[in-house]
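Coordinate inspection notes
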2 protein chains.
Amino acid sequence: MTDHSENNVSDERLTRAGHSRRDILKFGSIATLGAVLGGVALPGRAAPVLAQAGSEGELAPNDPLDILIVNYDGGTLLDFAGPSEIFHRLPNTNVRYASLNGGSVTLEFGVVYGKTERLADIEKTDVILVPGGSNLAAPMRPEYQAQIRRLADSAKHVTSVCNGSLVLAATGVLKGKRSACHWAFVNKLSEYGAIPVPDRFVEDDNGRFMSGGGVTAGIDFALRVAAKLRGQQAAEFTQLAIEYDPAPPFHSGHPRDARPEVIAMVDKELPGASRGLARIPGVR
Amino acid sequence: MTDHSENNVSDERLTRAGHSRRDILKFGSIATLGAVLGGVALPGRAAPVLAQAGSEGELAPNDPLDILIVNYDGGTLLDFAGPSEIFHRLPNTNVRYASLNGGSVTLEFGVVYGKTERLADIEKTDVILVPGGSNLAAPMRPEYQAQIRRLADSAKHVTSVCNGSLVLAATGVLKGKRSACHWAFVNKLSEYGAIPVPDRFVEDDNGRFMSGGGVTAGIDFALRVAAKLRGQQAAEFTQLAIEYDPAPPFHSGHPRDARPEVIAMVDKELPGASRGLARIPGVR
């Protein structure tokens, strides 16, 4: 089992280092890139090394990799758009999208997505990813649950983002496993026998289970999954390609930081949110 | 015209403050939320105040707001999925998607998106947003350009993310205006008479023009647009709802930070990238 406190410390160190570097380099212009390419040393250039996969020895960074994203009516676009953008850019990696009946799905806010395949038509996948949504009634139905459980049982890596963790947990596959989830729903994981962890990225069983927190956490989640399965350099390439150098204008990304009146706005819309127990259609 | 250096300094201050706060609060658990809601003072709780709109007095935070996202074959999902997720959550705000012929579009990597409306069927919009893509041949066609120019001319706010700025600039509407763009393409803005600015968020003419850098910059861009048009509290609410509390695992989000060998990988795929002059289909 992953040591949670160690993970936390390591995240903190990496993030802090990243920002110090940005502080130093912030005012450099794109014109300095020639110098960088020419090998001029920049302060703190060495990148941190994250633990790589390989203890299971199941997937080398160049083996073909299949990643399946489970879609459903009521899902949230950004939960999987972040991971999708990262996974598509990895070497020798095939990203597929599937829903119960195939075709298009109608996401939150009426956004129409896909062409998706039929879940039943997919024999197996290396990685299954269940994103979250504003309405989980569809993926909580027995037919969806059976397909997700079948594919999770044979997958090398079982993953979720946001309250997609609740969908996964409801299949029973997360029993006794540590999992992340959107902060407003994280404590509901207990109701399905999973262990709620209020972090942005969580892994258990040496990476067989990996999960991200709410919505945008899917980006950080996917970069870690990418590093584990395709190597750190491939993950760094992807981060650079999608210019993931975040600079949020406000301190409002998590209840630890947000102003009380802003947390109260979410609580009004999602009663129970600040206890991690927000109600959502499809979840008892 | 916006003072660029001042913007930069202000960004830096906000980001740094945000991270200090996270450092302090990182180890608090979701269980502390009760205390937060009860009004217990936390260190550094006051949020920064960004400049609000209103100098033009065109849109008050409660006036109905129409935002149009321009879609096209070859576009990049995450360029607009970030903004879309934010804009849909704003009060009294209607988000529409449109392409030249309506119906669905086939994005980068074969991702199918929409139900979109026909551009010609939209009389006008308050905000037009042009996202970027891996192939700009479609939106550079005269019919697309004419529709984008028509809608931009009557829009209160003309905006873009990533190399969507090139599409917008090609219409002529950004002549003499400062604009952001994906780092690999930013200097191509000059070819269309716009002024390249290698920042994550750029505004000109007091917010009539607003733009974001590459792909994920759309999230930071949209939070700033949200604050300007709907008020800071609405923007903070959205940031909390999508748990935008980023923690990238690597220092690789911008050429200022990335390792030379990683920058070289992008240069190999996109020749000219490190000079901000990557070639892309559809752009001369």
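Please read these numbers as outputs of a predicted model, since none were measured by experiment. (Residues numbered from 1 in each chain as written. Chains lettered and ligands numbered in written order. Predicted model: local features only at pLDDT ≥ 70, side-chain atom pairs only at ≥ 80, totals over all residues. Heavy atoms only, no water.)

Let us now look at the UniProt feature "domain: DJ-1/PfpI" (unreviewed entry) in chain A. Taken from the UniProt record, the annotation "domain: DJ-1/PfpI" (unreviewed entry) applies to residues 67–226 of chain A. The span residues 67–226 of chain A is 26% helix and 27% strand, and its two end C-alpha atoms sit 11 Å from each other. (UniProt positions renumbered as here; feature names shortened; annotations may be inferred. Helix = DSSP H or I, 4+ residues; strand = E, 2+ residues; numbered from the N terminus.)

So, about unusual backbone geometry. All names here are of chain A. With omega at -20°, the peptide bond leading from G114 into K115 counts as cis. At N92, a position not held by glycine, the phi torsion is positive, near 55°. Its location among the elements puts N92 in the loop between α3 (77–87) and β2 (93–99). Classification of N92 as partly exposed rests on a relative accessible area of 45%. In this model, F109 sits at a positive phi of 65°, which is unusual for a non-glycine residue. With respect to the element layout, F109 can be found in the loop between β3 (103–106) and β4 (112–118). Judged by its relative accessible area of 36%, F109 falls in the partly exposed class. (Buried < 20%, exposed > 50% of the residue type's maximum accessible area, 1.4 Å probe, protein only.)

In this section: the environment of B:V127. All names here are of chain B. Inspection of the secondary structure assignment puts V127 in strand β5 (residues 127–130). For V127, a relative accessible area of 1% translates into the label buried. Each C-alpha atom of the pair V127 and L68 lies 6.1 Å from the other, and the pair is 59 residues apart in sequence.

As for its position among the elements, B:E108 is in the loop between β3 (103–106) and β4 (112–118). Residue classification places B:E108 among the buried positions, given a relative accessible area of 13%. A distance of 2.6 Å separates polar atoms of two side chains, one belonging to B:E108 and the other to B:T76. Apart from the residues lying within four places of it in its own chain, the contact partners of B:E108 are A:E85, A:R89, B:G74, B:G75, B:T76 and B:S134. (Polar contact = N/O pair within 3.5 Å; in protein donor to acceptor, adjacent residues only side chain to side chain. Contact = heavy atoms within 4.5 Å.)

The next subject is the pairing of strand β5 (residues 127–130) of chain A. Residues and elements named next belong to chain A. Neither face of β5 is open: one carries V127 and L129, the other I128 and V130, and all of them are buried. Relative to strand β6 (residues 157–161), β5 is paired through four bridges, and the arrangement is parallel. What sits directly across from I128, in β6, is V158. Where the polypeptide runs from β5 across helix α4 (residues 142–154) and back to β6, its parallel neighbour, the crossover connection is right-handed. (Pairing = 2+ DSSP bridges. Right-handed = clockwise from strand over helix to strand, strands pointing away.)

Residues and elements named next belong to chain A. Taken as a whole and judged by the stated rule, the model has eight aromatic pairs over all chains. Considering the side-chain rings of F201 and F221, the 6.3 Å spacing of their centres and the 45° angle between planes classify their relative orientation as tilted. One end of the pair, F201, is in strand β9 (residues 201–204); the other, F221, is in helix α6 (residues 217–230), and 20 residues separate them in sequence. You can call F201 buried: its relative accessible area is 7%. The structure contains a cluster of three or more aromatic residues connected by ring pairs, namely F80, Y97 and Y113. (Phe/Tyr/Trp six-rings, centres within 6.5 Å; stacked < 30°, edge-to-face > 60°.)

Below, the discussion takes up helix α7 (residues 232–241) of chain B. Note that an α-helix has 3.6 residues per turn; residues three or four places apart therefore point the same way. Residue and element names in this part refer to chain B. Counting buried residues along α7, nine of its 10 residues qualify, which places the element largely inside the surrounding structure. Among the residues making up α7, those that are buried are Q232, A234, A235, E236, F237, T238, Q239, L240 and A241. Directly after α7, the chain includes E243, whose backbone phi takes a positive value near 45°.

Residue and element names in this part refer to chain B. A two-sided burial pattern is seen for strand β10 (residues 209–212), the buried positions comprising F209 and S211 on one face and M210 and G212 on the other. Looking at chain direction, strand β6 (residues 157–161) and β10 are connected through four bridges and run parallel. Across the sheet, V158 pairs through a bridge with F209, a residue of β10. As paired elements, strand β9 (residues 201–204) and β10 share four bridges and run antiparallel to each other. Among the inter-strand pairings, E203 is bridged to a residue of β10, identified as M210.

Following both chains from N to C, one finds helix α8 (residues 260–269) of chain A and α7(B) inclined at 65°, their axes separated by 9 Å at the closest point. Classified by chirality, the crossing of α7(B) by α8(A) is right-handed. Along its contact with α8(A), which presents A:E261, A:V262, A:I263, A:M265, A:V266 and A:E269, the element α7(B) presents B:Q233, B:E236, B:F237 and B:L240. Looking at side-chain class alone, the contact of α8(A) with α7(B) contains six nonpolar, one polar and three charged residues. (Axes fitted to C-alpha atoms, helices over the stretch in contact; angles between N-to-C directions. Left-handed = near helix turned anticlockwise from the far one by under 90°. Nonpolar A, V, L, I, M, F, W, Y, C, P; charged D, E, K, R; others polar.)

With that settled, consider the nonpolar core. By size, the foremost hydrophobic cluster in this structure holds 74 residues, and its most contacted members are A:L77, A:F87, A:Y113, B:L77, B:F87 and B:Y113. Not counting residues within four places of it along the chain, the set of residues in contact with B:F87 comprises B:I67, B:T93, B:V95, B:L129, B:F221, B:A222 and B:V225. (Core = buried A, V, L, I, M, F, W, Y, C linked by side-chain atoms within 4.5 Å.)

Residues and elements named next belong to chain B. For helix α8 (residues 260–269), the full list of buried residues reads P260, V262, I263, V266 and D267. Burial along α8 is one-sided: seen end-on, the buried residues are contained in an arc of 160°. With respect to the buried face of α8, the exposed residues turned more than 90 degrees away are K268 and E269. (Arc of directions from axis to C-beta.)

A few words now on the pattern of salt bridges. Applying the stated criterion to the full structure yields 28 salt bridges over all chains. One salt bridge in this structure joins B:R89 and A:E108, with 3.3 Å as the shortest N-O distance. Here the residue B:R89 occupies a position in the loop between α3 (77–87) and β2 (93–99), and A:E108 occupies one in the loop between β3 and β4, the pair thus bridging two chains. For the pair shown, B:R89 and A:E108 are each scored as buried. Taking the shortest distance from any N to any O, the salt bridge between B:R256 and A:D245 comes out at 3.7 Å. Separated into two different chains, B:R256 in the loop between α7 and α8 and A:D245 in the loop between α7 (232–241) and α8 make up a pair that spans both. Each member of the pair, B:R256 as well as A:D245, carries the same accessibility label: buried. One network of salt bridges, in which partners are shared, links A:E85, A:R89 and B:E108. (Salt bridge = Lys/Arg side-chain N within 4 Å of Asp/Glu carboxyl O.)

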